[in-house]
Every structure is written in structure tokens, then in C-alpha cells.
Amino acid sequence: EPLFNEETFETFRLVKAEFPHLMRCVSTNGLLLPDRIDDIEELGIGTLTVTLNAVDPAIGKLIYSFVNYHGKIYRGEEAAEILLKNQLEGIREAVKRKIIVKVNTVYIPTINDKHIEDIAKQIGKMGVYMQNIMPLIPQYKFADIKPPTPEEKREMQARCRAYVKQMTHCRQCRADAIGRLGKDIRQQFFARHAQTQSKA
């Protein structure tokens, strides 16, 4: 999570000083957004992407196993409530400060599929510029869930377009990806890493 790391802000300070003409943007899960929104504004970060997968804590608790907030671990619905409160508060503050906000929403069948339209309604009212609905990549706790088909994703985007502009050109990326767009070499990287460790 970039907002947790002071190195993120130091990097932006250096970039702003050396290349003031460059557009600056950051992606976040939103947990620390209210805490760092002043820094974001001061550094001239003009575009913000927030991952928002639920606006109902009862659904959020099915997605998030825990939340680590200011050094304390929260679980269940309490964790989802804290995350959601901070996400929405941070988004409101960013919009108020004229920062362009895009919301990423992971489409998770059987978990939040009946809820994504509610997310679109709420963020549309808040002034979010765009929503990017991304299909689930099955792994970890959702390894057994079948991702939505391209047609299901398009249908969801069509319904949500009534409330907020939809991003349709996304080439799905991940924070844990390694390599170039469309050429993720993460599996090969970790296989080589494992071989190196076994020889050590």
C-alpha cells in the first residue's frame, strides 16, 4: 500500500522538484487516504485511483480478511466498516480538492456481483470521474470462484454506466505483476527465486 510508505511521498517530492511538468498519480486501497490527503494535494498528485469493492460492510467482510489500521488488527465487519469509512471519506476529500478520482472495483461472482451497481450509484453521486470494473483473478481465498465472462463484465458496465463513466480499455494489471503489460513473468521469477534459495 503506497500511502503506508514514506518512500512514496519522498519519491513524489523528488519527482515534483525535478520534473514539475509531469502528471502525478497514485493508486491506493484507501485505508490511509484521509490521513494523507493533505500530502497528496501538496505534492500536486492530480489523479487518484482507489480500489473500492463494496459500500456495505456486510459484503466487505466477505472480501477482506482483516485490516491493519494504525498498528491494530481488525477483523470481520468491524474491519470492513473502518476500511469503507476511510475509503469514502478520502474519496469525498479528493473530489472536493479537484483531484480526479477513478475507482477500481473487482467483480467477484457470488460475493459482490449483486452489489456493484450500488457502488456505481454511490460513487457517481460523490463526483467520481470513472469506474473501472475488473474481473476477479482467482487466487488465495477466492481461488475456487469462477471469474465473470467478458460478456458478464460488459453487461455490468452497461448497468453501471447510468451512474458513472466506465473505463473499457483496461488491460488488467496487478500490484504483484512482474514484467511488461500482457507479458507477466511473475511465475518464472518466483520459480527462479525458489531454485536460488534451495541452492543457498
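These numbers were taken from a predicted model, which means no experiment stands behind them. (Residues numbered from 1 in each chain as written. Predicted model: local features only at pLDDT ≥ 70, side-chain atom pairs only at ≥ 80, totals over all residues. Heavy atoms only, no water.)

**Structural notes on the overall build of the protein chain**
When its secondary structure is counted, the protein chain shows seven helices and eight strands. In the protein chain, buried positions account for 41% of the 200 residues. Summed over its atoms, the accessible surface of the protein chain is roughly 11,900 Å², and 54% of this surface lies on carbon and sulfur atoms. (Helix = DSSP H or I, 4+ residues; strand = E, 2+ residues; numbered from the N terminus. Buried < 20%, exposed > 50% of the residue type's maximum accessible area, 1.4 Å probe, protein only. Areas by Shrake-Rupley, 256 points an atom, 1.4 Å probe, with all protein chains shown as cover.)

**What to know about empty space enclosed by the protein**
Under the criterion given, the structure shown has one cavity of 30 Å³ or more. Every residue along the wall of the largest cavity is listed here: Asn53, Ala54, Asp56, Pro57, Gly60, Tyr64, Ala80, Leu83, Leu84 and Gln87. Only helix 3 (57–63) and helix 4 (76–96) provide two or more residues apiece to the lining of the largest cavity. Sort the elements by how many residues they give to the lining of the largest cavity and helix 4 lands first, with four residues. When grouped by side-chain class, the residues that make up the lining of the largest cavity number six nonpolar, three polar and one charged. (1 Å grid on protein atoms, 1.4 Å probe; cavity = no way out; pocket = protein on both sides within 12 Å on 5 of 7 lines; lining within 4 Å. Points joined across faces, edges and corners; volume = space filled by probe spheres on them. Nonpolar A, V, L, I, M, F, W, Y, C, P; charged D, E, K, R; others polar.)

**Looking at the sheet that holds strand 6 (residues 130–135)**
The parallel open sheet is built from four strands, whose spatial order is 1-2-5-6. At either margin of the open sheet sits one strand with a lone partner, and together these are strand 1 (24–28) and strand 6. Pairs of neighbouring strands in the sheet enclose a mean axial angle of 20 degrees, with direction left out of account. In the sheet, strand 1 pairs with strand 2 (residues 45–51) via five bridges, with the strands oriented parallel. In the sheet register, Val26 faces strand 2, and the bridge partner there is Leu48. Contacts from helix 4 reach strand 2 and strand 5 (100–107) within the one sheet, and its direction differs from that of strand 5 by about 150 degrees. Against the sheet, helix 6 (residues 150–160) contacts strand 5 and strand 6, and its axis sits at roughly 160 degrees relative to strand 6. (Pairing = 2+ DSSP bridges. Axes fitted to C-alpha atoms, helices over the stretch in contact; angles between N-to-C directions. Contact = heavy atoms within 4.5 Å.)

**As for the environment of Gly124**
By the secondary structure assignment, Gly124 is in helix 5 (residues 116–126). Here Gly124 falls in the partly exposed class, since its relative accessible area comes to 26%. In the structure, Gly124 is positioned 40 residues away from Val164 in sequence and 4.9 Å away in space, judged by C-alpha atoms. Residues contacting Gly124, with those up to four places away along its chain left out, are Tyr163 and Val164.

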